Amino acid sequence: MTHEENFVADEVPLPRIDITRPHQARVWNYWLGGKDNYPVDRELAAQLRDVYPGMEDIARHARAFLGRTVRYLAEEAGIRQFLDIGTGLPTVDNTHEVAQRVDPTCRIVYVDNDPLVLVHAQALLASHPLGACDYIEADVRDPDAILDFAAKTLDLTRPTALMLLGVMGTIFDDDHAYRLVGHLLDALAPGSYLVFEDGTNTVNPDAAAEAERMRDEGKVYSYRLRTPGEIGRFFDGLELVEPGVVSVSRWRVEAGVFGVPDEVDAFCGVGRKP
């Protein structure tokens with residue numbers, strides 16, 4: 001059986017994969033040009049694109065932000081361990097690929113609550129032999145399970161990058177969301193970093209309001225859009241890396257021939273634990 005035959009989502013439904021309901025990771029995979037999605041995911045992606053033109057731009061800028069932050073952490077901050085929660089479906093320049101390009105001894109633990117993500121990750125995300133990759137099917141709502149598993153691969157007494165990209169919008173209650181992130185950070189050593197990105201309702205508020213209306217009517221997956229200020233609260237007690245909390249399209253990006261990219265409705269930041 002060829003690689004392609006193994007991973008044609010429409011033809012080979014994998015065990016325990018619910019292909020009757022759209023899933024965030026698969027919708028984003030579609031926007032990023034991937035093939036690991038189902039008709040129900042593509043249908044939802046089209047509906048969201050109709051009410052919120054430019055969703056693909058948000059997804060691609062968020063992906064590029066991941067690459068820039070991992071390079072920064074590995075090259076400039078000296079981080080060699082990454083706990084990537086909500087990893088999403090594998091595409092190009094995944095966390096371990098960017099990090100191990102800088103230092104092949106980097107160690108990465110991937111976490112996601114979609115079994116399809118973990119099936120693909122185990123098959124496609126192979127570590128450099130000098131480093132390590134491991135995978136856990138778990139939910140950010142169970143931080144202790146994540147930390148217990150991560151400790152098998154990572155030395156949590158050493159600085160670690162906690163990656164939470166496009167994840168905490170699944171937690172609607174703000175206090176609960178802040179407590180979960182705080183719980184994870186409390187378990188990490190001084191000198192660790194939080195890398196955070198999530199959807200906002202600021203750049204295009206009318207479109208965001210329409211998307212939220214669809215969510216409230218049960219037409220799309222549940223997701224809580226936060227303001228940049230609310231996202232900034234996740235960094236309370238941390239030392240924010242310049243340029244602070246900004247649109248993912250603006251975090252340490254170089255201006256191109258058309259200048260600095262426009263803001264998109266996903267904001268991000270990187271903070272260091274003292």
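Report on the accompanying structure. Remember, it's a predicted structure, so these values are computed and weren't measured experimentally.

## So, helix 4 (residues 55-75)
Next up, step 1: Its 21 residues give helix 4 an end-to-end C-alpha distance of 30 Å, which sits within 8% of 30 Å, the value for a rise of 1.5 Å per residue.
Next up, step 2: Burial within helix 4 is extensive, with 15 of its 21 residues counted as buried.

## Quick word on the pattern of salt bridges
Next up, step 1: On inspection of all chains with the given rule, the structure shows nine salt bridges.
Next up, step 2: Across the salt bridge formed by Arg26 and Asp41, the nearest N and O atoms sit 2.7 Å from each other. With Arg26 in helix 2 (residues 24-31) and Asp41 in helix 3 (residues 39-51), the pair connects residues that are 15 residues apart, well separated along the chain.
Next up, step 3: Of the residues examined, Arg26 reaches a relative accessible area of 2% and is grouped as buried.
Next up, step 4: Here Glu239 ties to Arg272 by a salt bridge, and the two come within 3.4 Å at their closest N and O atoms. Of the two residues, Glu239 is situated in strand 6 (residues 239-240) and Arg272 in strand 8 (residues 266-272); the sequence distance between them amounts to 33 residues.
Next up, step 5: By relative accessible area, which is 31% here, Arg272 ends up partly exposed.
Next up, step 6: Residues joined by salt bridges that share partners form a network here, namely Asp174, Arg224, Arg226 and Glu230.

## Digging into the nonpolar core
Next up, step 1: With 49 residues, the main nonpolar core has Phe65, Leu73, Phe82, Met163, Trp251 and Val270 as its most contacted residues.
Next up, step 2: Ranked by residues supplied to this core, first place goes to helix 4 with eight residues.
Next up, step 3: The residues contacting Val270, other than those within four sequence positions of it, are Phe65, Thr69, Leu73, Tyr193, Leu194, Val195, Phe235, Glu239, Leu240, Val241 and Trp251.

## A few points about helix 5 (residues 95-102)
Next up, step 1: All of the buried residues in helix 5 are Thr95, His96, Val98, Ala99 and Gln100.
Next up, step 2: Each element contacted by the buried residues of helix 5 is listed here: helix 4, strand 1 (81-85), strand 2 (107-112), strand 3 (132-137) and strand 4 (161-165).

Calculation criteria
Residues numbered from 1 in each chain as written. Predicted model: local features only at pLDDT ≥ 70, side-chain atom pairs only at ≥ 80, totals over all residues. Heavy atoms only, no water. Helix = DSSP H or I, 4+ residues; strand = E, 2+ residues; numbered from the N terminus. Expected span 1.5 Å × (residues − 1). Buried < 20%, exposed > 50% of the residue type's maximum accessible area, 1.4 Å probe, protein only. Salt bridge = Lys/Arg side-chain N within 4 Å of Asp/Glu carboxyl O. Core = buried A, V, L, I, M, F, W, Y, C linked by side-chain atoms within 4.5 Å. Contact = heavy atoms within 4.5 Å.

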